[in-house]
Every structure is written in structure tokens, then in C-alpha cells.
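# Fold and geometry: a report
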Amino acid sequence: MAGRLSELNAIDDETIQDAQTILLTFKKVGKEAFEPASQAAIDLSVIMGGDLRGAMMMVGKALEDPVRGITALRRAGVSFTKEQQAMIKTLVDTGRSAEAQTIILAELNSQVGG
């Protein structure tokens, strides 16, 4: 996976693997979300001019606790509408965190993706 992401993003695969170890510490980041979360963190680090490890940490926190995690993303400049915030809270409250993660990753992709 790191090799594929490296080819897509012109970032050394060892740098990606190193940063992904941070993402692995978040228990609620499932297998389906891992690669999209990695790509979102790469995009976020490039756009914000920050380090990849910090971006992985930020994305990991947002996915681990979506309601509180989007606050840090908002501080970094990623916008969520009131409706998105309410939907994320409702999904988490009803035990559908994976769907909340999907909303977060989609919004990250729409704002910093590519």
C-alpha cells in the first residue's frame, strides 16, 4: 500500500510507512478506512505544508472520535457544514461510526484531495 501511495504522491514509501504507524494506533480506523485515511493525511500534509506524521495523527484522531476530531480538522482549515456536523454526531450516537468516518474522509477529499 505504501508503495502504491508513494507512486501516486511522489513521497518516499518509507516516509509513508513511518507515518502510517501512527494511524495504526487508532483502533477505530478499520481496514476499509485505512488507505483512504492515509491518502487524506498525505493530501492534508501537502496542502497545509505540515509534516505527514502530524497529518496522520490529525486524521486518525478525527476518525477515532469523529465528533471531537472534526474540531481539530476545522482548526486546520477543513470546513464542515452544520448539517455535516449534526449528521456525524447522529451517526456516532447511533453506533454508526464507520458512516461518520466516510463523511469525514469524503469532505477531506473534496477540500484537500488530489
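Shown above is the structure to which this text applies.
Since the model is a prediction, treat every value here as computed from it, not as a measurement.

What follows is about the layout of surface pockets. By volume, the largest pocket is sized at about 180 Å³. In terms of lining residues, the largest pocket is bounded by Lys28, Gly30, Glu32, Ala33, Pro36, Ser97, Ala98, Gln101, Thr102, Leu105 and Ala106. Among the secondary structure elements, those contributing two or more residues to the lining of the largest pocket are helix H3 (31-48) and helix H7 (97-112). Ranked by the residues each element gives to the lining of the largest pocket, the list is headed by H7, at six residues. Looking at side-chain class alone, the lining of the largest pocket contains five nonpolar, four polar and two charged residues.

Turning next to the nonpolar core. Leu73, Ile104 and Leu108 are the most contacted members of the largest nonpolar core, which totals 31 residues. Elements supplying a minimum of two residues to this core: helix H2 (13-23), H3, helix H4 (52-64), helix H5 (66-75), helix H6 (82-93) and H7.

On to the side chain of Ser45. Note that Ser45 resides in helix H3. With relative accessibility at 8%, the residue Ser45 sits in the buried group. When sequence neighbours within four positions are dropped, the list of residues in contact with Ser45 reads Gly50, Asp51, Leu52 and Ala55.

Here Glu107 lies in helix H7. Lacking a salt bridge, the buried Glu107 has Arg74 as its closest oppositely charged neighbour, with an N-O distance of 11 Å. Separated by 2.5 Å, the side chains of Glu107 and Gln111 make a polar contact. Setting aside anything within four residues of it in sequence, one finds Glu107 in contact with Ser79, Phe80 and Gln84.

Parameters at a glance
Residue numbers here run from 1 along each chain, matching the order of that chain's written sequence. For this predicted model, a pLDDT threshold of at least 70 governs which residues receive local features, and a threshold of 80 or more governs which side-chain atom pairs are given and counted, while totals over whole chains, interfaces and linings are taken from all residues. Neither water nor hydrogens contribute to the side-chain values; these are computed over all heavy atoms in the structure. Cavity: a set of points on a 1 Å grid over the protein atoms alone where a 1.4 Å probe fits but cannot get out. Pocket: an open set with protein on both sides within 12 Å along at least five of seven lines, its lining residues, like those of a cavity, having an atom within 4 Å of a point. Grid points are joined across faces, edges and corners, and a volume is the space filled by probe spheres set on the points. Starting at the N terminus, helices and strands are each numbered in turn, a helix being any DSSP run of H or I of at least four residues and a strand any DSSP run of E of at least two. Three classes are used: nonpolar for Ala, Val, Leu, Ile, Met, Phe, Trp, Tyr, Cys and Pro, charged for Asp, Glu, Lys and Arg, and polar for all others, with Gly counted as polar. Put simply, a nonpolar core is a bunch of buried Ala, Val, Leu, Ile, Met, Phe, Trp, Tyr and Cys residues held in one set by side-chain atoms that sit within 4.5 Å of each other. Under the scheme applied here, a residue whose accessible area is under 20% of the maximum for its type counts as buried, over 50% as exposed, and between as partly exposed, the area being computed with a 1.4 Å probe on protein chains only. Residue contacts are defined here by distance: any two heavy atoms, one from each residue, within 4.5 Å place the two residues in contact. In this tally, Asp and Glu contribute negative charge and Lys and Arg positive charge; neither His nor the terminal groups of the chain are included. Whenever Lys or Arg places a side-chain nitrogen within 4 Å of a carboxyl oxygen from Asp or Glu, that contact is recorded as a salt bridge. As used in this structure description, the phrase polar contact means that two N or O atoms lie within 3.5 Å; if the pair is within protein, one of them must be able to donate a hydrogen and the other to accept it, and residues adjacent in sequence are counted only when both atoms belong to side chains.

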